[in-house]
Amino acid sequence: MKRIGALFSVLACFAAAPQGAQAEPDPIVIELFTSQGCSSCPSADALLAKLASRDDVLALSLHVDYWDYIGWPDEFAMPQFTKRQKGYARAMGERMIYTPQMILEGQTHVVGNRPMDVADALMRVSETRGGSDMTASLAGDQLTVSVYQMPAAKEPMLLQLVSYTPSETVKIGRGENAGKEVTYVNVVTSWQVLTEWDGQGTLSMTLPETPANQPLALILQHPRQGAIEAAALLR
C-alpha cells in the first residue's frame, strides 16, 4: 500500500500547472529517447506528456531509428537523434544505449518509464542546477539572445535551435506495439547548432529557415553532449 500511495504522489507532482500560470524563463530540459517499435516506450511517452504540461519543463521527444528493423519504421525517427543519444552515452561513460531513456539537463539519465525514478531525478536536478537565465526574442528571422549569471566555461558552448510538433497520434501497424494507438508530444523535427557562444553579452543573429507553424526553443549546452546551461522558448 505504501508503494501504491507513493506512486500516486509522484503522478500528482506531474499534474498540469494552473491555467494562466506564468511560464518559467529557464525550463528544465528533458529529452526522451523513444521509438514506436519499442514495447516499453508507450508508458514513457505518456509520462513525458504529463511532464510537458509543466511550465518549468521543456519536454522533448527524440525518436531513434535503431528499432526500425523489427518491422515498423518509426516515421519520426532520425539518425541524428541516435547519434545524439550515443554522444550522451560517451559523455556519461555508458557502454550502451536503450529506450526509453530520459536525459535531464544533459547530465542525468534515467529509465523513462519509471515515474518514481524520473521524479527523483527531476528533484535532484532542480536542487542542483546553476543560476543561468536566458532570454530570447524573435522578430521576423532576427534572433536576439542574452544569458545572465553565466558561469565561466573552458570552451564556447553550443547555441542550438530545436523545432518540434506539439502532438502526433499514430496507429502502429506492426512490430512490438502492433495495434496500439499512441500519442506523442513535443516530437522534435529539427535540431540545429546555430553557433558557438561564451554566453557573455548579447548575441544577435539571423536564423536559418525554420519549419513554419512549429514551436521553437533554444538550448545552450556545453560541447560533446555536456551539461545544459540554459533554455528558452521562442514561440
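Residues numbered from 1 in each chain as written. Predicted model: local features only at pLDDT ≥ 70, side-chain atom pairs only at ≥ 80, totals over all residues. Heavy atoms only, no water.

- In the annotation of an unreviewed UniProt entry, the entry for the protein chain reads Secreted protein, and the organism field reads Donghicola tyrosinivorans.

## Things to note about the overall build of the protein chain
Link 1 in the chain: Scanning the protein chain from terminus to terminus reveals 4 helices and 11 strands.
Link 2 in the chain: Out of the 235 residues belonging to the protein chain, those deemed buried represent 46%.
Link 3 in the chain: When contacts within the protein chain are restricted to residue pairs at least 6 apart in sequence, long-range pairs at least 24 apart make up 68% of them.
Link 4 in the chain: When the accessible surface of the protein chain is split by element, carbon and sulfur atoms take 52% of a total near 11,600 Å². (Helix = DSSP H or I, 4+ residues; strand = E, 2+ residues; numbered from the N terminus. Buried < 20%, exposed > 50% of the residue type's maximum accessible area, 1.4 Å probe, protein only. Contact = heavy atoms within 4.5 Å. Areas by Shrake-Rupley, 256 points an atom, 1.4 Å probe, with all protein chains shown as cover.)

## Things to note about the sheet that holds strand S5 (residues 133-139)
Link 1 in the chain: The strand order across the open sheet built from 3 strands is S5-S6-S9, with neighbouring strands paired in antiparallel fashion. Only two strands of the sheet have a single neighbouring strand rather than two, namely S5 and strand S9 (202-206). Strand-to-strand twist in this sheet, taken as the mean axis angle between neighbours without regard to direction, amounts to 15°.
Link 2 in the chain: Two strands pair when backbone bridges link them, and strand S6 (residues 142-148) and S9 are joined in this way by 5 bridges, in the antiparallel orientation. Bridge assignment links Leu143 to a residue of S9, and that residue is Met205. (Pairing = 2+ DSSP bridges. Axes fitted to C-alpha atoms, helices over the stretch in contact; angles between N-to-C directions.)

## Considering helix H2 (residues 41-52)
Link 1 in the chain: Taking 1.5 Å of rise per residue, the 12 residues of H2 would be expected to cover 16 Å, and the 16 Å separating its terminal C-alpha atoms lies within 8% of that figure.
Link 2 in the chain: Of all the positions in H2, only Cys41, Pro42, Ala44, Asp45, Leu47, Leu48 and Leu51 are classed as buried. (Expected span 1.5 Å × (residues − 1).)

## A look at the environment of Asp65
Link 1 in the chain: Secondary-structure assignment places Asp65 in the loop between strand S2 (57-63) and helix H3 (79-91).
Link 2 in the chain: Relative accessible area serves as the criterion here: at 27%, Asp65 is assigned to the partly exposed category.
Link 3 in the chain: Spatially, the C-alpha atom of Asp65 lies 9.2 Å from that of Thr34, the residues being 31 residues apart in sequence.
Link 4 in the chain: Contacts of Asp65, omitting those with residues within four sequence positions, involve Ala77, Met78, Pro79 and Thr82.

## Here we look at the environment of Lys50
Link 1 in the chain: With respect to the element layout, Lys50 can be found in helix H2.
Link 2 in the chain: Sequence separation between Lys50 and Val185 is 135 residues, and the spatial gap between their C-alpha atoms is 9.5 Å.

## Some points on the nonpolar core
Within soluble globular proteins, side chains that are nonpolar generally end up buried alongside one another.
Link 1 in the chain: Grouped together as the largest cluster of nonpolar side chains are 19 residues, with contacts concentrated most on Met134, Leu143, Val145, Leu159, Leu194, Leu218 and Leu220.
Link 2 in the chain: Of all the elements in the fold, those that place two or more residues in this core are S6, strand S7 (157-171), strand S8 (181-197), S9, strand S10 (216-221) and strand S11 (228-233).
Link 3 in the chain: Filtering out sequence-adjacent residues up to four positions away, Leu220 remains in contact with Met134, Val147, Met150, Met157, Leu158, Leu159, Trp197, Ala227, Ile228, Glu229 and Ala230. (Core = buried A, V, L, I, M, F, W, Y, C linked by side-chain atoms within 4.5 Å.)

## Observations concerning H3
Link 1 in the chain: When the terminal C-alpha atoms of H3 are compared, their 19 Å separation across 13 residues agrees well with the 18 Å that a helix rising 1.5 Å per residue should span.
Link 2 in the chain: Of all the residues in H3, the buried ones are Phe81, Thr82, Arg84, Gln85, Gly87, Tyr88 and Ala89.

## Details of the confidence of the model for the protein chain
Link 1 in the chain: Predicted confidence across the protein chain gives a mean pLDDT of 88, with 89% of residues reaching 70 or more.
Link 2 in the chain: Long-range and interchain partners of residues 1-24, a stretch whose pLDDT sits below 50, account for 30 contacts in this model, where long-range means more than four residues apart. (pLDDT = per-residue confidence, 0-100.)

## Overview of the environment of Ala153
Link 1 in the chain: With respect to the secondary-structure elements, Ala153 resides in the loop between S6 and S7.
Link 2 in the chain: Ala153 gets classed as partly exposed once you look at its relative accessible area, which sits at 33%.

## Concerning the packing of aromatic side chains
Link 1 in the chain: The full count for this structure, using the stated rule, is 3 aromatic pairs.
Link 2 in the chain: With a centroid separation of 6.3 Å and an interplanar angle of 75°, the aromatic rings of Phe33 and Tyr88 are classed as edge-to-face. With Phe33 in strand S1 (residues 28-34) and Tyr88 in helix H3, the pair connects residues that are 55 residues apart, well separated along the chain.
Link 3 in the chain: Judged by its relative accessible area of 0%, Phe33 falls in the buried class. (Phe/Tyr/Trp six-rings, centres within 6.5 Å; stacked < 30°, edge-to-face > 60°.)

## Quick look at the pairing of strand S4 (residues 108-111)
Link 1 in the chain: Residues Thr108 and Val110 line the buried face of S4, whereas the alternating positions His109 and Val111 sit on a face that is not buried.
Link 2 in the chain: Counted along the chain from strand S3 (residues 101-104) to the antiparallel partner S4, the turn is 3 residues long, and its residue Glu105 has a positive phi close to 55°.

## A word on the side chain of Gln85
Link 1 in the chain: Assignment of secondary structure puts Gln85 in helix H3.
Link 2 in the chain: Dropping the residues within four chain positions of it, Gln85 is found in contact with Phe33, Val64, Tyr66, Ile97, Tyr98 and Gln101.

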